[in-house]
Amino acid sequence: APIDVMKFRSNSAHEQSEKRGGSDAMRADGMAHAVPAAAASSPMPDTDRMAQYNGRSSGAPSPTPDAAAQDGPELGNVGNADQSLLMSHRDDPEYLSEALCFVRSQLEFFVSSDDTVYNVNKGPTQGGRVGIRCKYCANVQCAQGEKPQSKPEKQTRYATSFPNSIRLVYQTVRNFQRFHILKCPAIPEDVKAQYQTLKSTKRPKEHSSGRRRSSLSSPLYWENDCRRRGMIDTKSGIRLQSGRFLSNDRKLSESGKECEESVNLHADSTHCDELTQVLSCARSIPPDMADISSSLLDQNQKIHEEGKLKSMKSQLISVSDEQPQLLPAAEDSPPIIAGMSPTLQLNQPAEVAVSSDTLSDYQTALLASAEETNLHDQGNERTWGLSLTDGDLLEKVSLARNMALAVGQIEQLPQIPLGACDNFCNGNASLQEDNADMLYSLGTELFELFSGLSVDSFDILPTDYEEFECDANGEKPQRRAKREKRREESRHVPLSELGFPPPLCSLVSSLLIQRSNNQKGSEISLAEVEEDLRLMVTEPEKFLFQHDLGGLEISFGPSLYGREEETSTLLGACERSTDVNRNGSELVLVSGYSGTGKSCLVTECLADKAHCFVSGKFDEMKQFRPLSAIISALDDYCGFLARDTDRLENVKQAVMDAIGDEGQFLANLIPNLRKIVDLGMNQSVQNRGREALQHLFWKLRMLLRSTCDHSHPVVIFLDDIHWADNVSLDLMQALAVDSEIKGLILICSYRDNEVGTGHPLITHLEDIKRSHVSITQIEVRNLDMGSITSLISDLLSLTPRLTRPLAEVVFQKTCGNAFFTVQFLTTLFQEGLLHFSLESRRWEWKLNQIRERDIADSVVELMTDKLCRLPPAVQEALCTAAAFGAQCNEAVFQILDRDQSNNFVASLDIAVAEGLLVKPESVYRFPHDQVQHAAYLLIPELGRDYQAFHLAVGRSLMKHLSDHELDLYLFIVVDQYNRGSNLIAHDKERIDLAALSLKAGQRAFSMSSFLPAAQFLNLGLGLLIDDDWERHRVLCFDLFNLCSETEYTLGDLDGSERHIGEALRRAKTLDEKLQPFMTLVQTLGLQRDRVNDAIDTALEVLDMLGESLPEIVSEAMTKEEIMTTQELLAMKPEEELFAAKDSMPEMKKRAIGFLKNLLYLVYVKRKELFPIVACRMVRLLLLHGICLESSLGFVSFGVVLCGSGDFDGGYRLGRIALLVTEMFDAKDYHSRVYAIAYSLVVPWREPIQAAHIGLKRAIEFGVKTGDTEYAMISASMYCVSALHFSGQELNSLIIEMDKYAKQMKEYKHQFIHDVTTPARQVALYLMGRSTYPTEIRDEIHDSWEQIDTIHRYMLRFYFMWLEFLFERYESAWEAYQKNQDLPKHFFGKFEALCNHTFYSGLTALVLARNNGNERAEYAECIDDSIAQIKKWTSSSQWNCEHKLELLVAEHSYLEGNFVDAVRAYDAAIDLAAKHSFVHEQALALEKKAIFCNETGDHINACEHFKRACDCYAKWGASTKVAFIQANYL
């Protein structure tokens, strides 16, 4: 999971140290408090003084009003709400910058009034403490009638703070400056603008008096300013010594003390001249070292010339005995360091030693001085020891690195130890020093380089090591005891206190102890030195320069460590999305165990690099939100498009063209779509059932097609897809396999340990792989030891050398799990085992205690333990948030807070501050599902049952929701009730919840979210009891009917039949039975082996409705039905027909609905019933008026008329059907009406090429409206017809076949795909891309008995056709004889009937000519074929005339009439060419060539064979070309 920001704050560390209660712990955190001498010398008894601190009297008299007036204005007794004082002072400009003076003018000191007050940064704190607050926020609270110290409802960060000591006042103001002043809504805008102006203005180095400000006097000024106002440090924080603020008029001197103090400055310095000793040895080293040595000498000379190598001058302060002191003064107190001179003399020896006893007390002053010069918002560059700027210091570190590299190369040379350069130069090569001596020598040179002081002049080693170096356990053993002892022995300034960054001091210290300290863990290698210096040079802000001590904020993605290969793979996929030569989308699968960092890897890698990156996360709680993750990602995508003003107009037009008038339908799911297009009052297609889902999928795909391309690629990241429902997986698959979406990268993460072979995700991924989609697999495993070390090093801004011991223990505890590692480190920090020391200015840890600490077996247990330590209110709020799932809107918790006993929003904000939640905009979201799981597991810890907890949440929401809010959060309310519904005992609540579940199910069904709809409806069904069928009958039937229809849509046929059976058992009237029967017919019809049951059920219901149909149909009965319907139709002019719109009674509409479903079933299974059903449906329409389903009835009767020989009447009915479809704007029926009309009616009269155009429109309509079944039926009929009838060019046809085959699989119409596959196999064989026609024949034979009757006849036709084309006439005739019943099963199918008749006749003519003795056997077939084709030519001349001429030519050749044969052959050739039937033009040329060849005209035969080859080649049948060339040319 992505961890955006970890905030480790020193104040929090201090709180932990206070809890431990140890002075050592407080000192380690840099928070030890010192009571001023003025307070210590007070005559007041301790008990009385502490009582006065708390605003209570202990017998001591209170100051009189006169005394108060004498010392300063009486601001009120301690405890009053108005006890406050403005922080600014007239002396501020003398010591502080303009910006800081301005910030101080916006703040005020105040005294907390109650025994307990609320600190917005830390929570409750004791009363009577001195705090700092924003004067504007305080005014707002007072205006609202609140106490300024009372708990605020919602305040900007650092509006109120309580520093633990006077030394932290400065840092508190800095926090206010950073985090509050620009974000506070109470501060006027003109004040913010003035601050911004000051912030951007470079701070002058001199104040108005012309004197230069001292960077070291500033922190002293802050402390003494507080003390002159009467504030003192106590163990419970800052309090007022006399119970009130003192006068604000006291003047301070430049040093920051009160004006009576005198300051004397003395200085000394030493130049680091010994550096040349290290470099001088380069003169005598071998030639291969010359370049390095020369470079070092040049750099050293440059530094000297430019005067950048400055030495230090110590300033000493002598304090007057009669003046008050900041610290208790000893009788022989030596001078102490107060500052450093900005300009120093070189080559002067140190003359004055400084007391180490008093030095440590001023470390914080020096540290604050460095912080004062490190104000980014003042526009000044930081300065370090010797007043070095960042650039100067970095230049010196770079020089130090070169020195270390030079030493490393010298070390590789024999007989050249670094510490013996003089001996080496004198030729004494036998003298060598060990590795420790070499490192020590390097340390002395580095110390002199940075400090300008000689190590040999004093013992710098002990103090420096103690200040900055930890042992292997990350601890400072016996540090404090040793420090006091060594400070007595040494009176010199350590390198650490010269103002240099701690990492640099630590490195130099490590080198200096090598020869004199054998402490375990202090070893350091030259390679580590080089690596540390390299990191300081290449990443100075992280590993060199001082960090903000007030609040260390570190942003990092733990899963990016050691993931270079995975990152490269993701970026490569992102780059490929812009490749215009790539078609379709790309799928990237990221797998791994929980917590390995899958989500963080993708987000951190691509969020800022991809053109558009959106994401959605699936929830283990399975929230009832339609297609939750994908829809969420697409909503964010639409928001991104709306913000892209440069292309908004183009996108708007593209989206409107893509979705048409379906925008309102999509906007119900994707609210941000309204920001792109103006939807108006568009009405969506009213699909139901399976078509509605496909309709939704198509619109979502069209949205991406219209807005996503290679120049504007989109990355959609679906997190935790192993929790996705089947509908979401179907949509994911649809997006992945859509080759028309350009520039889409679909990234899915999942836990491979939770996904087995039977998991739905694996099934969908296998389907995607079969679709030849580009798939990239990335496996994310746990971090290795090196990655953990790098992570901790970056986190703590320490070099890997220092963090490696800690990393080893962390790796051992967490096994490298990224999320576990981060949480473990956070726990260590919260428990004080990892803390930031203000004394050493670096992170420290207690490794032995960390190693011995018991750790939970999983991150969930670790998080649970952590959550249990939170306040109870926060725990309950987190449990409630976890009960909603991975995320929930803040508005829901605001509704829950309407109950006065709740305070969820405030508690959750605390959780956000603790990093347990994130809050993008107004949504609370768990940063990782393991955190959410741990919070959910807390529910039993609170003494609550899971079901009871959910029920209580649901009841609370229901109680406080308005009607509008209930409609808005309907799914959430029902979800919570659902999880605790077993505990509901009251009948009214039970029925109310059942009705609410029905409403939620209807809403989800209308949004095509069928899985949540089924869950809602099943919840409602589970609440019903037997008595409800009498008291709440309508509710019961509504639940059962909609639930069964939803389960039918989802493919849960068993569940659907079960609920249908219960509804029929309870039904008493016909009206109550009709809807269950309708769903039952649909459910049975979906099962191929139960189609007859569906037909029988429909016939039974029609009989109940008064529309009885015969179960056994004779030919005479069919003719009578057709004639009766034709007579009735002739009596109704078209104008009168259309005028009877919407006048049909309700029961007749119900009958029309059953007849509509029956049409398809009987055409597939009982074709003899098809004319009867079509006639009955048309008669109802003619008698009672037309309705939405009328178009299906008219076009079906058109098929009947065409099949019975009335081609004109059938064509007229087909045209009427199309007009009715347009008149009703019946988008739901467009696809099926066009499919039937252009496959079974139009070809009887119009060219087949025109019919193909209509079939393609049927495909388009079906895909757009979600009627994918008829869309794919149309695609199948088009492919078959284009192959064997129209002679379309095979290369282009096979491309279309592949596209439609892919769609058939995508829409899960496997049966249609299977019956279309043989046509593709035939095409491939003709093209020469399949070399096994025998295997095709065997496959056809093998599959004859396992497939549907209609398609069995179609397979035999393919076989007969191929056998005829390749002159295997006997085999073709055998296939024809088995297929003679084809016309009975292809009722109205023109192409199949025509070509079956045509090729069977040609086969019979060839066999009759070749087998003269058996001519009579073929005579009937020949005569019937010629007669039938002649009849069809009269109605469809374009399609049949050339076929008739070729039959006549072959028959004339059989009869020996060669003249008529030649004429007919030529006519067939010309007509086929004229009507664009190239494959039959080639066939006519081939047959004439055979005729010429057999009659002795070999020249014409050769010519016609060549022309036939050209036509076959044009068709694309290279196998046929090769056959002719092999046998005739």
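Calculation criteria
Residues numbered from 1 in each chain as written. Predicted model: local features only at pLDDT ≥ 70, side-chain atom pairs only at ≥ 80, totals over all residues. Heavy atoms only, no water. Helix = DSSP H or I, 4+ residues; strand = E, 2+ residues; numbered from the N terminus. Contact = heavy atoms within 4.5 Å. Areas by Shrake-Rupley, 256 points an atom, 1.4 Å probe, with all protein chains shown as cover. pLDDT = per-residue confidence, 0-100. Buried < 20%, exposed > 50% of the residue type's maximum accessible area, 1.4 Å probe, protein only. Phe/Tyr/Trp six-rings, centres within 6.5 Å; stacked < 30°, edge-to-face > 60°. Lys NZ or Arg CZ within 6 Å of the ring centre and 35° of its normal. Pairing = 2+ DSSP bridges. Axes fitted to C-alpha atoms, helices over the stretch in contact; angles between N-to-C directions. Parallel < 35°, antiparallel > 145°, perpendicular 65-115°, else oblique. Nonpolar A, V, L, I, M, F, W, Y, C, P; charged D, E, K, R; others polar. Disulfide = S-S within 2.5 Å. Polar contact = N/O pair within 3.5 Å; in protein donor to acceptor, adjacent residues only side chain to side chain. Salt bridge = Lys/Arg side-chain N within 4 Å of Asp/Glu carboxyl O. Expected span 1.5 Å × (residues − 1).

Asker: Help me get a handle on the overall build of the protein, residues and values and all.
Answerer: Secondary structure summary: the protein contains 72 helices and 21 strands in total. Relative to all contacts within the protein whose residues are 6 or more apart in sequence, the contacts with residues 24 or more apart total 73%. Roughly 61,500 Å² of accessible area belongs to the protein as shown, and the carbon and sulfur atoms make up 49% of that amount.

Asker: How would you sum up the confidence of the model for the protein? Please name residues and give values.
Answerer: Of the residues in the protein, 74% have a pLDDT of 70 or more, and the chain-wide mean is 77. Across residues 458–469, confidence stays below pLDDT 50; counting only partners more than four residues off in sequence or on other chains, it has 53 contacts.

Asker: Mind laying out the environment of Leu-1064, listing which residues take part and the relevant values?
Answerer: Within the secondary structure, Leu-1064 is located in helix 48 (residues 1053–1066). When its relative accessible area of 22% is taken as the criterion, Leu-1064 is described as partly exposed. With ten residues separating them in the primary sequence, Leu-1064 and Leu-1074 have C-alpha atoms 9.1 Å apart.

Asker: Any details on the packing of aromatic side chains? Residues and values, ideally.
Answerer: Across all of its chains, the model carries 45 aromatic pairs by this definition. Measuring from ring centre to ring centre gives 6.3 Å for Tyr-1278 and Tyr-1300, while their planes differ by 85 degrees; the resulting arrangement is edge-to-face. One end of the pair, Tyr-1278, is in helix 59 (residues 1268–1284); the other, Tyr-1300, is in helix 60 (residues 1290–1306), and 22 residues separate them in sequence. With respect to class, Tyr-1278 is no different from Tyr-1300; both count as buried. Summarising the aromatic geometry, the rings of Phe-1458 and Phe-1491 are spaced 5.4 Å apart at their centres and angled 80 degrees between planes, so their arrangement reads as edge-to-face. Of the two residues, Phe-1458 sits in helix 69 (residues 1458–1474) while Phe-1491 sits in helix 70 (residues 1478–1494), which places them 33 residues apart along the sequence. Feature note: the residues Trp-1361, Phe-1364, Tyr-1369, Phe-1398, Tyr-1399, Tyr-1512 and Trp-1515 constitute an aromatic cluster, connected by ring pairs. When the ring centre of Tyr-1353 is taken as reference, the NZ or CZ atom of Arg-1356 above it lies at 5.7 Å. If you follow Lys-1520 out to its NZ or CZ, it ends over the ring of Phe-1366, 5.5 Å from the centre.

Asker: For unusual backbone geometry, give the residues involved together with the corresponding values.
Answerer: Despite not being glycine, Glu-921 has its phi angle at roughly 60 degrees, a positive value. Mapped onto the elements, Glu-921 comes out in the loop between helix 39 (904–913) and strand 21 (923–925). Accessibility expressed as a relative area gives 78% for Glu-921, which makes it exposed. For Glu-1367, which is not a glycine, the phi torsion comes out positive at approximately 60 degrees.

Asker: An account of the pairing of strand 18 (residues 834–837) is requested, with residue identities and associated values reported.
Answerer: In strand 18, alternate side chains face the same way, and those of Leu-834 and Phe-836 on one face and His-835 and Ser-837 on the other are all buried. Where strand 18 folds back onto strand 19 (residues 842–845) in an antiparallel hairpin, the turn is made up of four residues, including Arg-841, whose phi is positive at roughly 60 degrees.

Asker: Before we move on, could you go through the packing of helix 49 (residues 1070–1085) against helix 53 (residues 1146–1165) and cite the residues and values that matter?
Answerer: Between helix 49 and helix 53, whose axes approach to 11 Å, the crossing angle comes to 10 degrees. In terms of orientation, helix 49 lies roughly parallel with respect to helix 53. Residue-level contacts link Asp-1071, Leu-1074, Gln-1075, Phe-1077, Met-1078, Val-1081, Gln-1082 and Gly-1085 of helix 49 to Met-1147, Arg-1150, Gly-1153, Phe-1154, Asn-1157 and Leu-1161 of helix 53. A per-class count over the contact of helix 49 with helix 53 returns seven nonpolar, five polar and two charged.

Asker: Please set out the state of the cysteines residue by residue, giving values where relevant.
Answerer: Using the criterion set out here, one finds zero disulfides in the structure. No disulfide involves Cys-1440; its sulfur sits 3.8 Å from the nearest other cysteine sulfur, which is in Cys-1394.

Asker: Outline the sheet that holds strand 2 (residues 84–86), listing residues and values.
Answerer: The antiparallel open sheet is built from four strands, whose spatial order is 2-3-6-7. Whereas interior strands pair on both sides, the edge strands pair on one side only; in this sheet they are strand 2 and strand 7 (160–161). Where strand 2 lies against strand 3 (residues 107–111), three bridges are found, and the strand directions are antiparallel. Looking at the pairing, Leu-85 lines up with Phe-109 of strand 3.

Asker: Which residues make up the environment of Val-397, and what values go with them?
Answerer: The residue Val-397 is located in helix 16 (residues 390–411) in this model. In this view, Val-397 contacts Phe-450, Leu-504, Leu-533, Met-536, Val-537 and Leu-544; residues no more than four positions away in its chain are not counted.

Asker: Run through the sheet that holds strand 14 (residues 613–617), naming residues and quoting values.
Answerer: The parallel open sheet is built from five strands, whose spatial order is 14-15-16-13-17. Single-partner strands in this sheet number two, and they are strand 14 and strand 17 (774–780). Sheet twist, expressed as the average angle between the axes of neighbouring strands with direction ignored, equals 15 degrees. Sheet topology note: the strand 13 (residues 586–592)/strand 17 ladder contains seven bridges and is parallel. Across the sheet, the residue bridging to Leu-587 is Ile-775, located in strand 17. Packed on one face of the sheet, helix 25 (residues 598–606) meets strand 13, strand 14, strand 15 (714–719), strand 16 (744–750) and strand 17 and runs near 165 degrees to strand 15.

Asker: Account for the side chain of Asp-738, naming residues and giving values.
Answerer: Summarising the element assignment, Asp-738 is placed in the loop between helix 30 (726–737) and strand 16. The class for Asp-738 is buried, based on a relative accessible area of 2%. Here the side chain of Asp-738 touches Arg-701 through a polar contact of 2.8 Å, side chain to side chain. Excluding its chain neighbours within four sequence positions, the residues that come into contact with Asp-738 are Gly-584, Ser-585, Arg-701 and Arg-705.

Asker: Go over the pairing of strand 9 (residues 237–240) with me, naming the residues and quoting the values.
Answerer: Looking at chain direction, strand 8 (residues 231–234) and strand 9 are connected through four bridges and run antiparallel. Within strand 9, the position partnered with Asp-233 by the bridge is Ile-238. The turn linking strand 8 back onto strand 9 is made up of two residues.

Asker: Please set out the pattern of salt bridges residue by residue, giving values where relevant.
Answerer: Side-chain pairing between opposite charges can occur once the charged atoms of the two side chains come close. In this structure the tally under the stated criterion is 65 salt bridges. Taking the shortest distance from any N to any O, the salt bridge between Glu-1374 and Lys-1378 comes out at 3.9 Å. Of the two residues, Glu-1374 and Lys-1378 are both situated in helix 64 (residues 1369–1378); the distance of four residues between them amounts to about one turn of the helix. Among the charged side chains, a salt-bridge network with shared partners connects Asp-91, Asp-92, Arg-104, Asp-225, Arg-228 and Arg-229.

Asker: Go over the environment of Val-590, please, and point to the residues and values.
Answerer: Within the secondary structure layout, Val-590 lies in strand 13. The class for Val-590 is buried, based on a relative accessible area of 0%. In the structure, Val-590 is positioned 129 residues away from Asp-719 in sequence and 9.3 Å away in space, judged by C-alpha atoms. Non-local contacts of Val-590, meaning those with residues more than four positions away in its chain, are made with Lys-598, Val-602, Ile-747, Cys-748, Ser-749, Tyr-750, Ile-778 and Val-780.

Asker: How would you sum up the packing of helix 61 (residues 1310–1327) against helix 72 (residues 1518–1528)? Please name residues and give values.
Answerer: The geometry of helix 61 relative to helix 72 is characterised by a closest axis approach of 4 Å and an angle of 45 degrees between their N-to-C directions. Compared by their axis directions, helix 61 and helix 72 come out oblique. Residues Tyr-1325, Leu-1326 and Met-1327 of helix 61 pack against Ser-1518, Thr-1519 and Lys-1520 of helix 72. Among the residues forming the contact of helix 61 with helix 72, the class breakdown is three nonpolar, two polar and one charged.

Asker: Describe in detail helix 70, supporting the description with residues and values.
Answerer: In this model helix 70 runs 24 Å from its N-terminal to its C-terminal C-alpha over 17 residues, within 8% of the 24 Å that 1.5 Å per residue would give. Burial runs high along helix 70: 15 of the 17 residues are buried. Within two residues after helix 70, Gly-1496 carries a phi angle of roughly 95 degrees, on the positive side.

Asker: Report on helix 66 (residues 1390–1410), specifying residues and quantitative values.
Answerer: Along an α-helix, residues three or four positions apart point the same way, because every turn accommodates 3.6 residues. Over its 21 residues, helix 66 extends 30 Å from the first C-alpha to the last, a length consistent with the 30 Å expected when each residue adds 1.5 Å. Where burial is concerned, most of helix 66 is hidden: 20 out of the 21 residues are buried.

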